[in-house]
Structure formats: C-alpha cells, structure tokens
Amino acid sequence: MSGFAHRSVLSLAVLFLGAGIVLGRQGFGVIEPEAGSQFVARITEMTLLVILFFDGLEVERGVLRRRWHVPFRSLFIAMPLTAGLIALASHFIVGLSWAESFLLGVLLSPTDPVLTSSVVTNPRIPAKIRNSLNLESGFNDGLALPAVIIFATTLQAGDGISWWEFLIRDLGIGAAIGIAGALLAVAALGLLRGRMALIPHYQGLYAFAVALSIYGLAVMFDGNGFIAVYLAGIVMASRKGKEVAAYSRFSRQLGEVLKLATFVIFGSLLRFDQLFEYGAAGMVFVVAVLFFARTAALLPALLGTKLDWPQRFFMAWFGPKGVACIAYSLLVLSRGVPGAEHIFNLTALVVVSSIILHGLSDTPLASWFGGRGVTQTDD
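What you see is a predicted model, and the numbers here were worked out from it, not measured in a lab. (Residues numbered from 1 in each chain as written. Predicted model: local features only at pLDDT ≥ 70, side-chain atom pairs only at ≥ 80, totals over all residues. Heavy atoms only, no water.)

Participant: Quick question: what am I supposed to make of the overall build of the protein chain here?
Facilitator: Scanning the protein chain from N- to C-terminus turns up 16 helices and zero strands. Counting across all 379 residues of the protein chain, residues that qualify as buried make up 53%. When contacts within the protein chain are restricted to residue pairs at least 6 apart in sequence, long-range pairs at least 24 apart make up 81% of them. Looking at the protein chain as shown, the accessible area adds up to about 16,500 Å², and 66% of this sits on carbon and sulfur atoms. (Helix = DSSP H or I, 4+ residues; strand = E, 2+ residues; numbered from the N terminus. Buried < 20%, exposed > 50% of the residue type's maximum accessible area, 1.4 Å probe, protein only. Contact = heavy atoms within 4.5 Å. Areas by Shrake-Rupley, 256 points an atom, 1.4 Å probe, with all protein chains shown as cover.)

Right, dumping it as structure tokens:
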C-alpha cells in the first residue's frame, strides 16, 4: 500500500482510513469495536505514549536547529490562537458549550504534516518550511496535552476535584515521575559498563521499556502518564545524546505501526449518520477549521520572518489534523467526559475532511513549489 500511495495522489492515511471504513460498521462489519471499549482505550493509550515519547526525544535535537524562530512562532503564537478561533467557531456555529468548545479547540490544534508525506520529504520544498512543519508537529502534541486534560477535567466537575488540585496531583505527579524515572534510567545505563553494558541493538527497546515503566508508575500513583513519558523523552535525549538516534528510530517505527492501526480503528468506528449529525453547521465548522482558523492565526505570527507570502500561505494550509486529534478524542470518549460523543463526531468530520483535502493537495502543491525556482537549501 505504501508503494501505491507513493505513486499516487493518495496518502497512506487515506488508504488505511478507507480500509477501516470498509471493514467497520459502515462496511462489512468485520471490525466493530465499541468507542468506549478497553480495546480502543488501550490502543489509544499506546499510540499516544509512543508519539509523545518520540516527540520528547526529538525536542532536544529540534531546539538546537538553526533559525528556530519560525516553529517557535507557530507553536507559541499561532497554536493558542488557532485553538481559540476553533473554540469560537464550535460555540457560535455548532452551539457547543464554552467548556466543550475550548476542549474541542485544543484537541484540534495539533497538526500532523507527516500525513502528507510529499510535504516533509520533497526536496523541492524549501528546507526551512519542511523543518518548521516537522518541528511544529513534533512539539504541538505534547503542548496540547495539558490543555486537553484540564478542559476534559473541567467538564467532569462532578468528580469534586478543583482545577488546582488536579494540576498538583495529575500533572505534578506525572511530571515528577517522568523526570525522576528518566534520570534513574540514564544513571542505570551509566553504571552498566564492560561486559554488563547494554548491547547497542537493544538501546531502542530499552528506551521504550523505560517509557512503559514510567507510564505505569505515573498511573499507579494517580499521575498523568502521558506527561510523564513526554518529559522522560526530553530528559533521556538531553542526558544521553549519542543514543538518541537508536531511541528515536525504534519509537518512530513502532509509532508508524500504531498510527496506521489507529486509522483503521478510527475508520471502523465511523457512522455517517453521526458524522453529519450537525448537518450544514458541521460542514461550515469544518471549513472554518481547515481554511480559516490556522490561516488567521499563522499569518500574523509569521510577520517579520524572511518567508515570502506564498511560503506563509503554504505553511498555513498544511496544518493537517491527524493521529493526535484522533487519539485525544478517543481518550476523551473512553473517559466518559460529558459531551464526548459530540466532540468525537466533530473531530472525526474534521480529520476525515483534512485527510482527504490535504492528502490530495500535497503532491500538486509540492510540484508547484518545485517550479517556482526557489533556492531549496536555505534552512
């Protein structure tokens, strides 16, 4: 399937999503998982764990790149603005409550340009754009996570937990275990030398085992496991720099498998009647999210950079919604958050539309960039 996708305008995400739809409820009924089942919850957790751990590993190398100001603006200026604009659209267009709207806004704020492989691999696109989109994608999953958790907890006010108690217990314990666990793991590697040294072939497996252990410990002590593994990845990358390539390679390959599995499961969960439950308002919301929210947020954020206007519009368009949005919506659904079904259906509609539109436009726009004659070595 990857060979077919590489030679066509279709992306691998489209093909696996289509496979899930064909095999799922809307197709032959071969795969019919329940959205709130333990199976879906565990696959979602594992996918998020690997994605966030890999993102953490990449942070250390990412911040050392030259000209980091473009992804910095995308992350810390455009991303919050995008989440706010999506929240406004979901409240005034679809009619969600403010708490649901802000949860949906932060949930749909991460981007995943890897879905459109031509954008991140095509040498005809300037390196500074490819690097910026990659870095933005790597960082924004982890940055969106605390906000997703906080707004989801706000909707679960019946649990009797105030927001500051939640921050101290959930995020605080998770962060402490993630940092301490990673430091212990790095120290253990330092103690094992000579004949007891870790074989290089197993460095990636060791890092993943550490991530699983840290996640389990964080959950055991009522902390947030995802925050723990994200920070653990950052610490391990900063303290054991030479092993990062092995850590990242294993996490990337495992992450790709889990991402494709998530697309199949996601496709099998889709019901067209629920997907279009908001009718015309839902479609207007999709247009607002994909065509206006990111553009209105990113263009002002990029003012003053050396990017020309076609490059800025190119970056504004290629903010596809992918695995992180799906995983976060499934996570909210599995936790029984009030209004989670509506949030999942709107997320599904946006992600499906994004996969189709961005998947079909990446190759033609990459070819157009190649014909502009822009110097591609400028990073």
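There's plenty left to go through after this.
Participant: In this structure, what is going on with a nonpolar patch on the surface? I would like to understand it.
Facilitator: A surface patch of nonpolar side chains, about 610 Å² in accessible area, is lined by Leu85, Leu88, Phe92, Ile93, Trp98, Phe102 and Val284. Listed by contribution, the elements that provide at least two residues to the nonpolar patch are helix H4 (69-94) and helix H5 (98-107). No other element matches H4, which puts four residues into the nonpolar patch. Relative to the elements of secondary structure, phenylalanine 92 occurs in helix H4. (Patch = residues over 30% accessible without salt bridge, like charges linked within 9 Å, V, L, I, M, F, W, Y side chains within 5 Å. Salt bridge = Lys/Arg side-chain N within 4 Å of Asp/Glu carboxyl O.)

Participant: How should H5 be read in this particular structure?
Facilitator: An α-helix turns once per 3.6 residues; consequently, residues spaced three or four apart project the same way. Within H5, seven of the 10 residues are buried, which leaves it mostly tucked inside the rest of the structure. When we look at burial in H5, the residues that qualify are Glu100, Ser101, Leu103, Leu104, Gly105, Val106 and Leu107.

Participant: Can you walk me through the side chain of threonine 111 in this structure?
Facilitator: Positionally, threonine 111 belongs in the loop between H5 and helix H6 (117-121). Looking at threonine 111, the relative accessible area reads 4%, which means it is buried. Side-chain polar atoms of threonine 111 contact the side chain of asparagine 140, separated by 2.9 Å. Leave out the neighbours within four places in its chain, and threonine 111 touches Glu136, Ser137, Asn140, Asp141, Arg294, Gly319, Pro320 and Lys321. (Polar contact = N/O pair within 3.5 Å; in protein donor to acceptor, adjacent residues only side chain to side chain.)

Participant: Help me understand the nonpolar core, please; the structure alone is not making it clear to me.
Facilitator: Across soluble globular proteins, nonpolar side chains show a tendency to be buried alongside one another. Within the largest apolar cluster, 92 residues are counted, with the highest numbers of intra-cluster contacts made by Leu103, Leu108, Met236, Phe266, Phe285 and Tyr328. Leaving out residues up to four positions away in the same chain, phenylalanine 266 has contacts with Leu17, Ile326, Phe344, Ala348, Val351 and Val352. In this structure, Ile125, Ala297, Trp317 and Phe318 belong to the second largest nonpolar core, which totals 16 residues. (Core = buried A, V, L, I, M, F, W, Y, C linked by side-chain atoms within 4.5 Å.)

Participant: Explain the packing of helix H2 (residues 12-23) against helix H11 (residues 244-269) to me, please; I cannot follow it from the model alone.
Facilitator: In helix packing, the relevant descriptors are the interaxial angle and the interaxial distance, both defined with respect to the helix axes. Where H2 meets H11, the closest approach of the two axes is 6 Å, and the angle between their N-to-C directions is 40°. The angle between H2 and H11 places the two elements in the oblique class. The interaxial crossing formed by H2 with H11 has right-handed handedness. Together, Leu12, Ala13, Phe16, Leu17, Gly20 and Ile21 of H2 and Leu260, Phe263, Val264, Phe266, Gly267 and Ser268 of H11 make up the contact between the two elements. In the contact of H2 with H11, the residues fall into nine nonpolar, three polar and no charged. (Axes fitted to C-alpha atoms, helices over the stretch in contact; angles between N-to-C directions. Parallel < 35°, antiparallel > 145°, perpendicular 65-115°, else oblique. Left-handed = near helix turned anticlockwise from the far one by under 90°. Nonpolar A, V, L, I, M, F, W, Y, C, P; charged D, E, K, R; others polar.)

Participant: Please explain the side chain of threonine 295 as it appears in this structure.
Facilitator: For threonine 295, the location among the structural elements is in helix H13 (residues 279-301). On the basis of relative accessible area, threonine 295 is assigned to the buried category, the value being 19%. Polar contacts involving the side chain of threonine 295 include one to the main-chain carbonyl oxygen of phenylalanine 291, which spans 3.3 Å. Residue contacts for threonine 295: discarding those within four places in its chain leaves Pro300, Phe313 and Ala316.

Participant: I'm lost on the environment of alanine 296 in this one. Help?
Facilitator: With respect to the helices and strands, alanine 296 occurs in helix H13. Exposure remark for alanine 296: the relative accessible area of 46% places this residue in the partly exposed category. Considered as a pair, alanine 296 and alanine 78 are 218 residues apart in the sequence and their alpha carbons are 8.6 Å apart.

Participant: Hey, could you run me through the pattern of salt bridges in this one?
Facilitator: As a working rule, side chains carrying opposite charge can pair if their charged atoms are close by. Scanning the model with the defined rule gives three salt bridges in all. The partner of arginine 25 in a salt bridge is glutamate 34, with the nearest N and O atoms 3.4 Å apart. With a relative accessible area of 52%, glutamate 34 lands in the exposed category. We note a salt bridge from glutamate 136 to arginine 294, for which the minimum N-O separation is 2.7 Å. You can see glutamate 136 sitting in helix H7 (residues 127-155) and its partner arginine 294 sitting in helix H13, a full 158 residues away along the chain. Each member of the pair, glutamate 136 together with arginine 294, is buried.

Participant: Even after reading the chapter, I still don't get the packing of H7 against helix H10 (residues 225-239), so can you show me in this structure?
Facilitator: The interhelical angle for the contact between H7 and H10, taken along N-to-C directions, is 145°, at an axis separation of 10 Å. When the axes of H7 and H10 are compared, the crossing they make is left-handed. Here Phe139, Gly142, Leu145 and Pro146 of H7 lie close against H10, whose contacting residues are Phe226, Ile227 and Tyr230. Split into classes, the residues belonging to the contact of H7 with H10 amount to six nonpolar, one polar and no charged.

Participant: Can you help me understand the packing of aromatic side chains in this one?
Facilitator: For any pair of aromatic rings, the description rests on two quantities: the centre-to-centre distance and the angle between the ring planes. On inspection of all chains with the given rule, the structure shows 11 aromatic pairs. Between phenylalanine 92 and tryptophan 98, the aromatic rings sit 5.7 Å apart at their centres with planes inclined by 80°, giving edge-to-face as the arrangement. When its relative accessible area of 36% is taken as the criterion, tryptophan 98 is described as partly exposed. Ring geometry for tyrosine 215 and phenylalanine 226: centres 5.3 Å apart, planes at 50°, overall tilted. In this pair, tyrosine 215 is assigned in helix H9 (residues 203-220) and phenylalanine 226 in helix H10, connecting sequence segments 11 residues apart. Take tyrosine 215 and phenylalanine 226: they sit in the same class, and that class is buried. (Phe/Tyr/Trp six-rings, centres within 6.5 Å; stacked < 30°, edge-to-face > 60°.)

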